[in-house]
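Structure assessment
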Amino acid sequence: QVQLVESGGGLVQPGGSLRLSCAASGRTFSAYAMGWFRQAPGKGREFVAAIGIRSTTYYSDSVKGRFTISRDNAKNTVYLQMNSLKPEDTAVYYCAGRIGGVVVEASLYDYWGQGTQVTVSS
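Let me begin by describing the structure that accompanies this report. (Residues numbered from 1 in each chain as written. Predicted model: local features only at pLDDT ≥ 70, side-chain atom pairs only at ≥ 80, totals over all residues. Heavy atoms only, no water.)

1. Things to note about the nonpolar core
Soluble globular proteins tend to pack their nonpolar side chains together in the buried interior. The line we're drawing: Put simply, buried Ala, Val, Leu, Ile, Met, Phe, Trp, Tyr and Cys residues joined by side-chain atoms within 4.5 Å make one nonpolar core. Type-normalised accessible area, obtained with a 1.4 Å probe on protein chains alone, sets the label of each residue: buried when under 20%, exposed when over 50%, and partly exposed for intermediate values. Helix and strand assignments come from DSSP, with helices taken as H or I runs of at least 4 residues and strands as E runs of at least 2, each series counted from the N terminus. Whether two residues are in contact is decided by their heavy atoms, any of which lying within 4.5 Å being enough.
Trp36, Leu80, Met82 and Tyr93 are the most contacted members of the largest nonpolar core, which totals 28 residues. For this core, the secondary structure elements donating two or more residues are strand 3 (18–24), strand 4 (32–39), strand 5 (46–51), strand 7 (67–72), strand 8 (77–82), strand 9 (91–99) and strand 11 (116–120). Contact partners of Met82, with chain neighbours within four places excluded, come to Gly16, Ser17, Leu18, Leu20, Arg66, Phe67, Tyr93 and Val118. Core analysis: the next-biggest nonpolar cluster, separate from the first, contains six residues, Phe37, Phe47, Ala50 and Ala96 among them.

2. A closer look at the sheet that holds strand 8
The line we're drawing: Strands pair, by our definition, only if DSSP identifies at least two bridges between them. Here an angle of 0 to 180 degrees is reported between the N-to-C directions of two axes, which are lines fitted to C-alpha atoms, with helices fitted over the stretch in contact.
Read from one edge to the other, the open sheet built from four strands follows the order 1-3-8-7, with strand pairing classed as antiparallel. Only two strands of the sheet have a single partner each, and these edge strands are strand 1 (4–7) and strand 7. Pairwise comparison of adjacent strand axes, ignoring direction, gives a mean angle of 15 degrees for this sheet. One ladder, built from six bridges, connects strand 7 with strand 8; its direction is antiparallel. The residue of strand 8 that forms the bridge with Asp72 is Thr77.

3. Comments concerning the state of the cysteines
To keep things clear, this is the line we draw: Disulfides are defined as pairs of cysteine sulfur atoms found within 2.5 Å of each other.
Within this structure, the stated rule accounts for one disulfide. Disulfide pairing is shown between Cys22 and Cys95; the S-S distance is 1.9 Å. Taking the sign of the S-S torsion, about 40 degrees here, the bridge from Cys22 to Cys95 comes out right-handed. Taken as a pair, Cys22 in strand 3 and Cys95 in strand 9 lie far apart in primary sequence, 73 residues in all. Taken individually, Cys22 and Cys95 each receive the classification buried, so the pair is uniform in this respect.

4. Notes on the packing of aromatic side chains
Selection criterion: Each pair of aromatic rings taken from Phe, Tyr and Trp, with Trp reduced to its six-membered ring, is defined by centres within 6.5 Å and is described as stacked if the planes are under 30 degrees apart, edge-to-face if over 60, and tilted in the remaining cases. Charge over a ring is defined by NZ of Lys or CZ of Arg lying within 6 Å of the ring centre and within 35 degrees of the ring normal.
Scanning all chains against the criterion turns up six aromatic pairs. Both rings, one in Phe37 and one in Tyr109, keep their centres 5.3 Å apart while their planes meet at 75 degrees; by these two values the pair is edge-to-face. Taken as a pair, Phe37 in strand 4 and Tyr109 in the loop between strand 9 and strand 10 (111–112) lie far apart in primary sequence, 72 residues in all. Both residues of the pair, Phe37 and Tyr109, count as buried. Their ring planes at 55 degrees and their centres at 5.1 Å tell us that Phe37 and Trp112 sit as a pair that is tilted. Of this pair, Phe37 sits in strand 4 while Trp112 sits in strand 10, and the two are 75 residues apart along the sequence. Judged by its relative accessible area of 1%, Phe37 falls in the buried class. In this structure Trp112 comes out as partly exposed when scored by relative accessible area, which is 27%. Taken together through their ring pairs, the aromatic side chains of Phe37, Phe47, Tyr94, Tyr109 and Trp112 make up a single cluster. Looking at Arg45, its charged tip hangs above the ring of Trp112, at a distance of 4.7 Å from the centre. Over the ring of Phe29 we find Arg71; its NZ or CZ atom is 4.7 Å from the centre of that ring.

Dropping the structure here:
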């Protein structure tokens, strides 16, 4: 069993930056592909970024060039650096993990955090 805990959300002005962290329990973090998803009010859960066990990365078109996903296996943590934030980035952000390769479908992830709110507003 893996437990995931997100942190780092908050209120930021348009154009600003935030770094989200997701700390994982367990000793096999390095074997997990990790992803970040987000859900805005009234919308479905949307893929944001993912990173494989060899640190191959994938991004949605809406965040490519602005967000960076990374992982530190020694700290059992995955990060999402978010720059040039826009109001449409406002959502609850979730991290997720799965054994196996990187996928963009939320339903294929086995473990989820509780989410952290990101609000981009002036």
